[in-house]
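# Fold and geometry: a report
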Amino acid sequence: MIEELEQILLQLTQPDNAIIQQKEMRAIIPSLILALKHLIKADETQAIEAMEVLIELMEIEVSIIVPHIADIVRFCLEVGSDTTLSDSLRVKALSCITFLIKLKSNSVLKLKLLNPILQSIFPILTAAPPPGEQDPEDEEDDGGDPNDSDNPKHGAAQMIDTMALHMPPDKLFHQLVPLTQACLSSENPYQKKGGLMCLAVLAEGCADYIRSKMLSSVLQTVCQSLSDSNRVVRSAALFALGQFSEYLQPEVSKYCAELMPLLLGYLTSLNEAKIGHVTKAFYALENFMENLGSDIEPYLPTLMETMLSALRNAEDLKIKELAVSAIGAIANAAKELLVPYFPPVIESLKGFLIATTEEMRPLQNQSLDTLSVLARMIGKEVFSPLAAECIQLGLNLTDTIDDPDLRRCTYGLYSAVSTVSPESLIPHLTAITTVMQLALKSNEGITAHLDEDKTFVLLDDDDDDDNGNNAGGKTDEDFLEDDSEADIHDVAGFSVENAYIDEKEDACEALGEIALSTGVAFQPFLESSFQQVFEMRDFPHEDVRRAALGALGQFCQAQHKVWTENRTETNHQALMKLMDVVLPCFVETVRMDRERPVVMGVLEAMNAMIKSCKEEVFRNPSHLKEISNVIRDVLKKKTACQDSSTDEVDDEEQQAEFDAMLQEFAGEGIPLVTASVPAEKFAPYLNDLMPLIMSKAKSSCTVADRSFSLGTIGEILHALVNVSGGRGVAGRLSNRLLPVLVAGVKDSDAEVRNNSVFGLGCLAQAAGPLVVSDYPMMLSVFSNMLGKESDLRVIDNLCAALCRMIMSNVDAVPLEQVVTALATHLPLKEDQEENQTVFNCLTMLYKHNPVLVVKLIKPIVAASSHVVGHKDVDKETQSTVVSLMKELAHKHGAEFQAAAASLPAEQQAKLGAAVTSS
């Protein structure tokens, strides 16, 4: 039977037979389910293989199974819930439903299958293991992610994870909350564990929902569970906290005072605890620490003492590996604060880095990864003396050890070192690029299962394109001499060992970053590297595709950097040629790739390219149209990856958060394009895009949508300030945008209010005299807000918005009243970037009305003392502040000295040093 089904599947892939075979396949689905039931009783191993047919049908043409979704779900739930069957068969059944949810989540909702599914999988999720046994992740020698093991409990968790990514949170939580609450309030430890695992796997897909509606309560639940008497519950709580720390930032970091002591408590007895439990403690700790930034400082001595002690004294290599990894996470947060600990860390790592035994390899690889983090974070002056030694270390290791994981780690090290000391790489670029290109070219670790009479070479030197298939729509044969061709449609199946996938992914990422860091020195290697990376854009594994496409964007940025430093026609033509290949590739991928992470990666790469290369991206007139249209397609949910989960959805309220994330990536490109081309040239496209952005500002939309909409509008207006024709376009947009922005300042969410205030300030700045008639209304809105606003960031942006209004039309503002109100709210508390706007305004005011500035000299000097030397304020702004202070000190010495004398001693000293500097 399996062979017959496979033949039908093969026939279905042939275009001439597709319609006929689809009808036939729809008709046999009930018979297939019945046959599977009989096969399960006869031979479970065969049944597992046969059930793969359902997934293949979904992959080939999901419409075949749509009329039978309810029957398929019921059958798979029956199999997945049957504890008399093998775990492998039950997992296969659950994975069929998971795949179906990914493809047709809204059909599942419309058929009212969500509740039956949850009622069936919660008993699986909360099941206790057989007497005398433990769940795999609770065993002493296990330290993995609970989603990684192949058993029904993790299949159930994976299903909820997929629901979170592909279903509207409101609908999902309505069904989930009662089940989860019942688990968490139970005295049964496996019930509690199931509830915690459910919360954990919801964190990624439902991040915005959890952050805005229930973060405090779920964190309280997790904190209580961290102190539970049962280790199974504590372990699940650690996993949940790790997930929250990874996906619910930055809000989770605000609970630092409550969570850090609990996490540190887990590290006090490293050698005595079970490895699996310690692994989860480190997982939670790492994810939490990485986002703390300078808030980690009070905990740094305890953390580093614990980690260095583990490196010196722990007997278990796994604990050493975890400690080395944690040092990387600490470095991500602490940055230069870690400098005092740098020498003992390097001393500890040295022995691991030059290890030669197989058992030391995981620790060696982790040490290389942490060394890469240190290179990026510790500061150029501290790390540069080690740069050349690090490069030589990597080359020596790859010369003597044939291991894809180790090579992957050396690529990361080269890439990191290139950001702080590119000159140390330049003598070795031939060796470094050769090994990475070989990794991309290699088919080692790849197994292809071929159709009959087909040949399949995933990566090959020979260009065999006689059949006319030009996979991927290559557009510039002269520039890209195709050395290889990957026709994955001829493959019945394939498998790639994870290590080789990771190596290809990291090779792409490293080549892109090294090209960008080394600039002109990379020129001899650019074409060959581009060729090999370009071939990876169609690779079957999504992580490799994403990395390859990202690197292509970096190659363009690298060539742009070369051209800006040496503006020859040859360099410019090379840049244009690259862009003419890469941008159509980006656009096609966004439209056609079915994996959201790939599409988001491409949008991010395209945004970075536009931000870096600006008008050069649009030198070819077709690029503006194509980029604008593909952004529009994403906002209208017309791309392949959106169709895969949002068919039959015509309302943004029925859209899962993951789709909203995709649209945010697209939306971020609009202000970047706005800043790169003359406003009148972009205006027709902007007119098409603006209604799509504005539609998400409605009060009925989610907080995330409203914030995205108003933030994007603000950034577009901010970009119009500095482009040719920007004032006219902003003026024409003002009638449409002003009501939306004013409504936004009344929003219940602080971030939405903040973005609205920013947008109003930018509208005043961009449109200038064209909106002067609206100034009284805007000032009234701001005055009312200042009287009752409690969020510090919103208050900072109110100050900046007032400054933008003043700088745009100084005579249209009642200065005495407005500047006095402004001064009473200085210094800025949260949004330090807006100090640039505030002090540019105060400098302009001093020239326009020095009497008013001197009258308010005390609060202005006090605010300046906070800005000078502030680590989050850029040097240009600090220079503006110092210049203003010097001017006041020189021309109004008595008033300045009186204002400075009222400051605390430390701030007096800091300001005095700045004013007396040359």
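Residues numbered from 1 in each chain as written. Predicted model: local features only at pLDDT ≥ 70, side-chain atom pairs only at ≥ 80, totals over all residues. Heavy atoms only, no water.

### Looking at the overall build of the protein chain
Applied cut-off: Each helix is a run of DSSP H or I of at least 4 residues and each strand a run of E of at least 2, with the numbering of both proceeding from the N terminus. Relative accessibility thresholds used throughout: buried, under 20% of the residue-type maximum; exposed, over 50%; partly exposed, between the two (1.4 Å probe, protein chains only). Only heavy atoms matter for contacts: two residues are in contact if any of them lie within 4.5 Å across the pair.
Along the protein chain, the regular secondary structure elements total 44 helices and two strands. The buried share among the 918 residues of the protein chain stands at 56%. In the protein chain, of all internal contacts separated by at least 6 residues, the share reaching a separation of at least 24 is 75%.

### Regarding the confidence of the model for the protein chain
Fine structural detail should not be taken from predicted coordinates in areas where pLDDT scores are low. This is how the line gets drawn: Confidence per residue, as judged by the predictor, is encoded in pLDDT with a range of 0 to 100.
Mean pLDDT over the protein chain: 86, with 88% of residues reaching 70 or higher. Confidence scores differ between elements of the protein chain, with strand β2 (residues 491-496) showing the lowest mean pLDDT of 44 and helix α31 (residues 669-674) the highest of 97. Contacts for the low-pLDDT stretch residues 449-495, under 50 throughout, to residues beyond four places or in other chains number 91 contacts. Under a pLDDT of 50 for its full length, residues 644-655 has, in the predicted model, 39 contacts with residues more than four places off or in other chains.

### Considering the packing of aromatic side chains
Stated precisely, the cut-off is as follows: Two rings from Phe, Tyr or Trp (for Trp, the six-membered ring) form a pair when their centres are within 6.5 Å of each other. A pair whose planes differ by under 30 degrees is stacked, one over 60 is edge-to-face, and the rest are tilted. Two limits define a charge over a ring: the Lys NZ or Arg CZ must be within 6 Å of the ring centre, and within 35 degrees of the ring normal.
For the coordinates displayed, the defined rule picks out eight aromatic pairs. With a centroid separation of 6.2 Å and 55° between ring planes, the pair formed by F342 and F383 is classed as tilted. With F342 in helix α17 (residues 342-353) and F383 in helix α19 (residues 380-400), this pair connects stretches of sequence that are 41 residues apart. The burial state of F342 is the same as that of F383; both residues are buried. Connected via pairs of aromatic rings, a cluster forms that spans F522, F525, F530, F534 and F555. Sitting over the face of the ring of F534, R537 holds its NZ or CZ atom 4.0 Å from the ring centroid. The aromatic ring of W563 is capped on one face by R567, whose charged end is 4.1 Å from the ring centroid.

### What about the packing of helix α4 (residues 69-81) against helix α5 (residues 87-110)?
What counts is decided by this rule: Angular values range over 0 to 180 degrees, each being the angle between N-to-C directions of two axes fitted as lines to C-alpha atoms, with helices fitted over their stretch in contact. With respect to orientation, any angle under 35 degrees is reported as roughly parallel, any angle over 145 as roughly antiparallel, any angle of 65 to 115 as roughly perpendicular, and every other angle as oblique. Left-handed is the label given to a crossing in which the near helix is rotated counterclockwise from the far helix by less than a right angle, and right-handed is the label when the rotation is clockwise.
α5 packs onto α4 with a crossing angle of 150° between their chain directions and a minimal axis gap of 8 Å. Compared by their axis directions, α4 and α5 come out roughly antiparallel. In the crossing of α4 with α5, the sense of the turn from one axis to the other is left-handed. Here I69, V73, C76, L77, V79, G80 and S81 of α4 come into contact with α5, specifically with L89, R90, A93, L94, C96, I97, L100, K104 and S107.

### Examining the packing of helix α32 (residues 679-694) against helix α33 (residues 703-720)
Filter applied, for reference: Three residue categories are used. Nonpolar comprises Ala, Val, Leu, Ile, Met, Phe, Trp, Tyr, Cys and Pro, charged comprises Asp, Glu, Lys and Arg, and polar comprises the others, including Gly.
Two elements in contact, α32 and α33, have axes separated by 11 Å at closest approach and are oriented at 165°. Relative to α33, α32 is oriented roughly antiparallel. α32 and α33 meet at a crossing whose hand is left-handed. Counted together, A679, L686, M690, I693 and M694 of α32 and F708, S709, T712, I713, I716 and L720 of α33 form the full contact between these two elements. In the contact of α32 with α33, the residues fall into nine nonpolar, two polar and no charged.

### Some points on the environment of L686
Here L686 shows up in helix α32. Separated by 16 residues in sequence, L686 and I670 place their C-alpha atoms 8.0 Å apart. Beyond its immediate chain neighbours, meaning those up to four positions away, L686 contacts I670, I716, V729 and L733.

### With respect to the environment of S367
Checked against the element boundaries, S367 lands in helix α18 (residues 361-377). For the pair S367 and G328, spaced 39 residues apart in sequence, the C-alpha to C-alpha distance is 9.0 Å. Ignoring sequence-local partners within four residues, the contact set of S367 consists of V324, L349, F352 and L353.

### Some points on helix α41 (residues 857-867)
Restricting attention to buried positions, one finds in α41 the residues I857, I860, V861, A863, S864, S865 and V867. Those residues of α41 that are buried lie in contact with α39 (835-848), α40 (850-855), α42 (875-891), α43 (893-901) and α44 (905-916). Where α41 ends, the next residue or the one after it, G869, has phi of about 80°, a positive value.

### Overview of the pattern of salt bridges
Close approach of charged atoms allows side chains of opposite charge to pair. Short version of the rule: For salt bridges, the criterion is a side-chain nitrogen of Lys or Arg within 4 Å of an Asp or Glu carboxyl oxygen.
Counted according to the given criterion, the structure contains 33 salt bridges. Between E595 and K102 there is a salt bridge, with its nearest N and O atoms 3.4 Å apart. Within this pair, whereas E595 is found in the loop between α26 (569-592) and α27 (596-613), its partner K102 is found in helix α5, the two being separated by 493 residues in sequence. Across the pair K891 and E887 runs a salt bridge whose closest N-O atoms are separated by 2.8 Å. You can see K891 and its partner E887 sitting in helix α42, four residues apart, about one turn around the helix.

### Topic: unusual backbone geometry
Excluding glycine, residues mostly carry a negative phi; peptide bonds, for their part, are mostly trans. The amide bond that connects Q249 to the next residue, P250, takes the cis arrangement and shows omega of 0°. Here the residue pair L826 and P827 is connected by a cis peptide bond, since its omega of 0° sits within 30 degrees of zero. Tracing the backbone through its elements, the reader meets P827 in the loop between α38 (815-824) and α39. Phi at K335 takes a positive value of approximately 50°, unusual for a residue other than glycine. As for its placement among the helices and strands, K335 is situated in the loop between α16 (317-334) and α17. Classification of K335 as partly exposed rests on a relative accessible area of 34%.

### Remarks on the side chain of S529
The residue S529 is located in helix α24 (residues 523-535) in this model. Leave out the neighbours within four places in its chain, and S529 touches T433, Q437, L511, F522 and F555.

### Digging into the side chain of S424
To keep things clear, this is the line we draw: The definition of a polar contact used here is a pair of N or O atoms within 3.5 Å, where within protein one atom must be able to donate a hydrogen and the other to accept one, and adjacent residues in sequence count solely through side-chain atom pairs.
Tracing the chain through its elements places S424 in helix α21 (residues 422-425). Note on S424: relative accessible area 11%, which makes it buried. Within the structure, the side chain of S424 is placed 2.7 Å from the backbone oxygen of S421, a separation counted as a polar contact. What S424 contacts, discounting residues up to four positions off in sequence, is A387, A388, I391 and V417.

### Remarks on α19
Rules: By this rule, a helix spans an expected 1.5 Å times one less than how many residues it contains. Fitting axes to the seven residues that end at a residue and to the seven that start at it, the angle between those axes gives the bend at that residue.
Taking 1.5 Å per residue as the helical rise, α19 with its 21 residues ought to reach 30 Å, and the 29 Å between its terminal C-alpha atoms agrees with that figure. Considering bend angle alone, the principal kink of α19 is centred on L386 and spans about 45°. Listed in full, the buried residues belonging to α19 are F383, L386, A387, C390, I391, L393, G394, L395, L397 and T398.

### Considering the state of the cysteines
The test is simple: The disulfide criterion used throughout: a pair of cysteine sulfur atoms within 2.5 Å.
One pass over the structure, following the stated rule, counts zero disulfides. Its sulfur unpaired, C76 is 4.5 Å from the next cysteine sulfur, which belongs to C96. Free of any disulfide, C613 has its nearest cysteine sulfur in C556, 6.7 Å distant. By relative accessible area, which is 2% here, C613 ends up buried.

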